[in-house]
Amino acid sequence: ILTRLGGALKQTLTRDFPTPYSDDPDTEKLEKLKFEVGVESVTDVNLALSQTTGLKSKLELFSALEGLKDVDVNWDNLISAKISKYFNVNFNLKLFYDRDISSKRQIKQALALGLSYNFL
């Protein structure tokens with residue numbers, strides 16, 4: 001398990017949809033670029049659950065100094081398993097939350113079946 005904590009700069013760049021992602025409603029000008037200064041924590045976990053199964057997880061947390069109670073979350077999890085000599089299966093679950101983008105969390109799930117073969 002690896003963890004780091006420190007200061008961070010977050011940049012949001014939009015071209016077609018500056019409102020609500022990067023535009024400051026308090027100004028007259030339409031901004032397409034937004035900078036946030038804050039605190040970031042990143043934790044990486046890489047575990048072997050068995051000889052054929054592994055778990056990789058990465059949790060990224062960011063909070064701007066303007067609103068420390070609002071935490072942006074990006075959590076990516078991958079479970080990989082080798083089910084036979086030639087086949088493996090992966091399950092990916094990703095949770096994303098950024099209040100600047102949406103007040104709701106976003107979840108992405110993917111299940112993949114792969115074919116593995118070594119030529120050498």
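Here the structure is shown first, and the text comes after it.
Rules used in this analysis
Residues numbered from 1 in each chain as written. Predicted model: local features only at pLDDT ≥ 70, side-chain atom pairs only at ≥ 80, totals over all residues. Heavy atoms only, no water. Pairing = 2+ DSSP bridges. Helix = DSSP H or I, 4+ residues; strand = E, 2+ residues; numbered from the N terminus. Axes fitted to C-alpha atoms, helices over the stretch in contact; angles between N-to-C directions. Contact = heavy atoms within 4.5 Å. Phe/Tyr/Trp six-rings, centres within 6.5 Å; stacked < 30°, edge-to-face > 60°. Buried < 20%, exposed > 50% of the residue type's maximum accessible area, 1.4 Å probe, protein only. Polar contact = N/O pair within 3.5 Å; in protein donor to acceptor, adjacent residues only side chain to side chain. Salt bridge = Lys/Arg side-chain N within 4 Å of Asp/Glu carboxyl O.

(A) How the structure looks around the sheet that holds strand β1 (residues 2-13). Taken together, the six strands give an open sheet; going across it, the order is β1-β2-β3-β4-β5-β6, and neighbouring strands pair in antiparallel fashion. At either margin of the open sheet sits one strand with a lone partner, and together these are β1 and β6 (106-115). The average undirected angle you get between the axes of adjacent strands in this sheet is 15 degrees. The sheet contact formed by strand β5 (residues 87-97) and β6 spans 10 bridges and is antiparallel.

(B) Here's a closer look at the environment of Y86. Along the chain, the position of Y86 falls in the loop between β4 (71-82) and β5. Here the alpha-carbon distance between Y86 and L115, two residues 29 residues apart in the chain, equals 5.6 Å. Ignoring sequence-local partners within four residues, the contact set of Y86 consists of G114, L115, S116 and Y117.

(C) Looking closely at the packing of aromatic side chains. With the rule as written, the count across this model stands at two aromatic pairs. Taken together, a centroid distance of 5.2 Å and an interplanar angle of 80 degrees make the contact between Y117 and F119 edge-to-face. According to the relative accessible area criterion, Y117 is exposed, its value standing at 54%. Taken together, Y86, Y117 and F119 form an aromatic cluster joined through their ring pairs.

(D) Examining the side chain of S57 more closely. Locating S57 in the fold gives a position in strand β3 (residues 53-64). Side-chain polar atoms of S57 contact the side chain of N77, separated by 2.7 Å. In this structure S57 touches T43, D44, V45, W75, D76 and N77, once residues within four positions along its chain are discounted.

(E) Quick look at the side chain of S41. Relative to the elements of secondary structure, S41 occurs in strand β2 (residues 33-48). Take S41: its relative accessible area is 17%, and that puts it in the buried class. Excluding its chain neighbours within four sequence positions, the residues that come into contact with S41 are T3, R4, L5, L59, E60 and L61.

(F) Expanded view of the pattern of salt bridges. The full count for this structure, using the stated rule, is three salt bridges. We note a salt bridge from K10 to D98, for which the minimum N-O separation is 2.7 Å. Of this pair, K10 sits in strand β1 while D98 is found in the loop between β5 and β6, placing the two residues 88 residues apart along the sequence. Accessibility assignment for this pair places K10 and D98 in one class, buried. Salt bridges linked by common partners bring K10, D72 and D98 together as one network.

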